[in-house]
Amino acid sequence: MADPRAGTLAEPDDLVDVPHLVASYYNLQPDPEDPAQQVVFGTSGHRGSSLDAAFNETHILATTQAIVDYRRSQGIDGPLFIGRDTHGLSEPAWASALEVLVANDVRVLIDDRDGYTPTPAVSHAILRANAVSTSSTTGGGSTNGGGSNAGAADGIVVTPSHNPPTDGGFKYNPPHGGPADSDATKVIAARANELIRAGLSGVKRVPFATAKQRAETYDFLGSYVDDLPNVVDLDAIREAGVRIAADPLGGASVAYWAEIAERHDLQLNVVNELVDPTWRFMPLDWDGKIRMDCSSPSAMAELRRFLEETPEFDIATGNDADSDRHGIVTRDAGLMNPNHFLAVAIDHLFGGARPAWPATARIGKTLVSSSMIDRVAGALDKPLVEVPVGFKWFVPGLLDGSFGFGGEESAGASFLRFDGSVWTTDKDGIILALLASEILARTGKSPSQRYAELVAEHGDPAYARIDAPASREEKAKLAALSPDAVTATTLAGEEITAKLTEAPGNRAAIGGLKVTTESAWFAARPSGTEDVYKIYAESFKGPDHLAQVQEEAKAVVQAALS
């Protein structure tokens, strides 16, 4: 049920008390025996709030030391790039991490402007450093899938992504430049919790002034922005005179968009340059919380209104706090559903816009992304790979160029350079936002108009996600479910064609269940933070059939769990 204030600006009572938030970061001590206060790496690092003793100085000191120990165990001894976003807890955590890294003699590279750093800029920096390393040595192997880690760079991004202002986040990107896989994060989390239980005995640390002085600087912004013409057709955007309104939503891309406009001579205006850790300028999300979700119609309400009321712009784009996600707003359709834009982007990129890409380049999608992508891939006669939820599954393919594109239903994606080589191995909301303008420039149609053409060709799917209650025990059972546990043979009047607990693209466990029919599907996955499971569903027969799929999905799951 949506909050009645969703889409309206936050009121004073909605705002976080930033001094109290930061004081709690230093003052509250986590209980190492309380699972809610331990270090836990999800799909995007460790997240939590200092107010709940879930993201505090103790966590960051221990986690950073654990990363140092992990690097050492893997022979990773090159530079470590560290960036932060604009959340109130990000700078304190960044400072804590710096103190530990320098104390352990890690060569640390920080932003030369002492500014905010988007996640894709950190991934770009890691890959660039390792490309230089591997071209001048015989090692640096983690960037190409094998060999030595000697001299290899890696990174840390301090961000909880689009989470509310009360939250902090801390994620590790190894030498491949993308999100760390569970083989790394399990080791790091276990070591961090061990250090916390030991009262931080074994954690090295120097004063911040010493750490800042010994750290080296790196031009994240210039290196990234100057390289953009190698991945997006900025010439076409400039020549077509596309007028762009870019909203960083108070996030880490705030300085990047103005530089993109100036350095590449684009008709691009930053509509909001304000950075405020309370995010008082953000419309409330669907549940009445402040959340920088650029795929949410509620959170993007102000930008949608801005484009409607400002005729001098052709298109508007938004990014979340660390700029790894994108939101596309068009004049004819408003905010695009992320699945719709992914389908349009894939159709554009693989439909002739990247002729130098290898003919064998594959399309990567998560198994809860729209089947419109499957139909687009089929029409283009391009190979499609369906993987579990999590961008980490796209990393190897983007790294070696076998994936031209990898995208998630939650508005996260990246794709190759024009020459078919890797751009980033983490999500990049900036290039996806620019791609929307490239599509407009090169086709003369907005991305939403292009999606309407895809609908005319392939059908109009109805897609939604709902939650259903589940106990801790039921969630664990769902995550370990076998296809044999599903006894149903039909779903919403159609014969079931597949019952999946492994992703068809790589045979990796999906941590749940996916059931498909000729024209519909649903996937059920347990929530990592709440006593619910999430049901993603889609139907090419319309909203009424989708509702039937959703109701029967609950029954199928409950029967399998009983």
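In this report, the structure presented in the accompanying data block is examined. Along each chain, residue indices are assigned from 1 in the same order as the chain's sequence is written. A pLDDT threshold of at least 70 governs which residues receive local features in this predicted model, and a stricter bar of 80 or more applies before side-chain atom pairs are shown or counted, although totals over entire chains, interfaces and linings include all residues. Side-chain descriptors were evaluated using all non-hydrogen atoms of the structure, hydrogens and water having been removed beforehand.

1. Looking at the overall build of the chain
Numbering of helices and strands starts at the N terminus; helices are DSSP runs of H or I of at least 4 residues and strands are runs of E of at least 2. For the chain, the helix and strand inventory stands at 17 helices and 23 strands. Computed over C-alpha atoms, the radius of gyration of the chain comes to 23 Å, within 12% of the 24 Å expected from 2.2 N^0.38 for 562 residues, which places it in the range of a compact globule. Counting only C-alpha atoms, the chain reaches 65 × 60 × 55 Å along its principal axes. Put simply, the chain has 562 residues, and 61% of those count as buried. Throughout, the radius of gyration refers to the C-alpha atoms, and the reference size of a globule is 2.2 Å times the residue count to the power 0.38. With a 1.4 Å probe rolled over the protein chains alone, any residue whose accessible area is under 20% of its type maximum counts as buried; one over 50% counts as exposed, and the rest are partly exposed.

2. Concerning the sheet that holds strand β16 (residues 412–415)
Following DSSP output, two strands are said to pair if at least two bridges run between them. With mixed pairing, 4 strands are arranged side by side in an open sheet as β14-β13-β15-β16. The open sheet terminates on both sides in strands that have one partner only, identified here as β14 (384–387) and β16. Sheet twist, expressed as the mean angle between neighbouring strand axes with direction ignored, is 15°. Only heavy atoms enter the contact rule, under which two residues are in contact if any of them lie within 4.5 Å. Axis geometry follows a simple rule: fit a line to the C-alpha atoms, using only the stretch in contact for helices, then measure angles between N-to-C directions, giving values from 0 to 180 degrees. Packed onto the sheet, helix α11 (residues 338–353) meets β13 (362–366), β15 (403–408) and β16 and runs at close to 175° relative to β15. The strands that helix α14 (residues 429–443) touches are β15 and β16; relative to β16, the one it contacts most, it runs at about 75°.

3. Here's the deal with the sheet that holds strand β22 (residues 520–526)
Reading across from one edge, β17-β23-β22-β21-β20 is the order of the 5 strands in this open sheet, with antiparallel pairing throughout. The two strands at the open ends of the sheet, each matched to only one other strand, are β17 (462–469) and β20 (498–502). Neighbour-to-neighbour, the strand axes of the sheet open up by a mean angle of 15°, direction not taken into account. Relative to β22, strand β21 (residues 509–516) is paired through 4 bridges, and the arrangement is antiparallel. Opposite V515, over in β22, you have F522 as the bridge partner. Contacting β17, β22 and β23 (532–539), helix α17 (residues 543–561) runs over the sheet at an angle of about 140° to β23.

4. Some points on the packing of aromatic side chains
Pairing of aromatic rings covers Phe, Tyr and Trp, the last through its six-membered ring, and needs centres within 6.5 Å; plane angles under 30 degrees mean stacked, over 60 mean edge-to-face, and all others mean tilted. For the structure shown, the criterion picks out 14 aromatic pairs. Ring centres of F306 and F313 lie 5.6 Å apart, and the angle between their planes is 40°; this geometry places the pair in the tilted category. On the basis of relative accessible area, F306 is assigned to the partly exposed category, the value being 27%. Ring centres 5.2 Å apart and planes at 70° place the aromatic pair F391 and F394 in the edge-to-face group. Exposure remark for F391: the relative accessible area of 3% places this residue in the buried category. Residue classification places F394 among the buried positions, given a relative accessible area of 0%. In textbook terms, an aromatic cluster arises when at least three aromatic residues are bridged by ring pairs, as seen for Y25, Y26 and F55. When the ring centre of F540 is taken as reference, the NZ or CZ atom of R375 above it lies at 3.5 Å. Whether a charge sits over a ring depends on NZ of Lys or CZ of Arg being within 6 Å of the ring centre and within 35 degrees of the ring normal.

5. Points about the side chain of D426
Secondary-structure assignment places D426 in the loop between β16 and α14. Separated by 3.1 Å, the side chains of D426 and N173 make a polar contact. In contact with D426, not counting residues within four places along its chain, are T119, S123, K171, N173, G177, G178, P179, F391 and S414. Under this definition, polar contacts are N or O atom pairs within 3.5 Å; protein pairs additionally need one hydrogen-donor-capable and one acceptor-capable atom, and for neighbouring residues in sequence, both atoms have to be side-chain atoms.

6. Overview of the nonpolar core
Definition used in this section: a nonpolar core is a set of buried Ala, Val, Leu, Ile, Met, Phe, Trp, Tyr and Cys residues joined via side-chain atoms within 4.5 Å. Membership of the largest hydrophobic core comes to 69 residues, with the highest contact counts inside it found for F405 and F415. Top element by residues in this core is α14. It accounts for 9 residues. Among the nonpolar cores identified, the runner-up in size contains 45 residues, and V39, A95, A180 and A215 belong to it.

7. A word on unusual backbone geometry
Notably, D105 is not glycine yet its phi reads approximately 60°, a positive angle. The phi dihedral of D265 falls on the positive side, at around 55°, and the residue is not glycine. The residue D265 is located in the loop between α9 (254–263) and β9 (267–270) in this model. Its relative accessible area of 56% is what places D265 among the exposed residues.

8. Observations regarding helix α7 (residues 220–227)
Counting buried positions along α7 gives 7 out of 8 residues, so the element sits mostly inside the fold. F220, L221, G222, S223, Y224, V225 and D227 are the residues of α7 that are buried.

9. Observations concerning the environment of A23
Of note, A23 is situated in helix α1 (residues 18–27). Sequence spacing of A23 and G412 is 389 residues, and the spatial spacing of their C-alpha atoms is 33 Å.

10. A closer look at the packing of helix α2 (residues 57–74) against helix α5 (residues 182–197)
As a packed pair, α2 and α5 sit with axes 8 Å apart at the nearest point and diverge in direction by 130°. When the axis of α2 is compared with that of α5, the two are oblique. Seen from above, α2 lies across α5 with right-handed handedness. Counting all contacts with α2, which are made through T58, H59, A62, T63, Q65, A66, I67, D69 and Y70, the residues of α5 involved are A184, V187, I188, R191, A192, L195 and I196. Convention used here: angles under 35 degrees read as roughly parallel, angles over 145 as roughly antiparallel, angles from 65 to 115 as roughly perpendicular, and any remaining angle as oblique. Put simply, a crossing is left-handed when the front helix is turned counterclockwise from the back one by less than a right angle, and right-handed when it is turned clockwise.

11. As for the pairing of β23
Where burial is concerned, most of β23 is hidden: 8 out of the 8 residues are buried. Here β23 shows no split at all, with V532, K534, Y536 and E538 on one side and Y533, I535, A537 and S539 on the other all buried. For β17 and β23, the ladder comprises 8 bridges, and the chain directions are antiparallel. Note that in β23 the partner of Y463 across the bridge is E538. Strand direction decides the pairing type here: β22 and β23, joined by 7 bridges, are antiparallel. Across the sheet, residue A523 finds its bridge partner in β23, namely Y536.

12. Quick word on the pattern of salt bridges
We count a salt bridge whenever a side-chain nitrogen from Lys or Arg sits within 4 Å of a carboxyl oxygen from Asp or Glu. Counted by the stated rule, this structure contains 41 salt bridges. A salt bridge links R305 to E302, with the shortest nitrogen-to-oxygen separation between them at 2.4 Å. Of this pair, R305 and E302 are both found in helix α10 (residues 301–309), 3 residues apart, which corresponds to roughly one turn of the helix. Given the relative accessible area of 33%, R305 is considered partly exposed.

13. Brief notes about the side chain of T310
Looking at where T310 falls in the secondary structure, it is placed in the loop between α10 and β10 (315–319). At a separation of 2.6 Å, a polar atom in the side chain of T310 contacts the main-chain carbonyl oxygen of F306.

14. Focus: the packing of α2 against helix α3 (residues 90–103)
Close contact between α2 and α3 brings their axes to 9 Å; oriented N to C, the two are set at 40°. When the axis of α2 is compared with that of α3, the two are oblique. Every pair of crossing elements has a handedness; the one defined by α2 and α3 is right-handed. Packed against α2, whose contacting residues are E57, I60, L61, T64, Q65 and V68, the element α3 presents A93, S96, A97, V100 and L101 at the interface. All amino acids are sorted into three groups, where Ala, Val, Leu, Ile, Met, Phe, Trp, Tyr, Cys and Pro are nonpolar, Asp, Glu, Lys and Arg are charged, and the leftover types, Gly among them, are polar. Tallied by class, residues from the contact of α2 with α3 come to 7 nonpolar, 3 polar and 1 charged.

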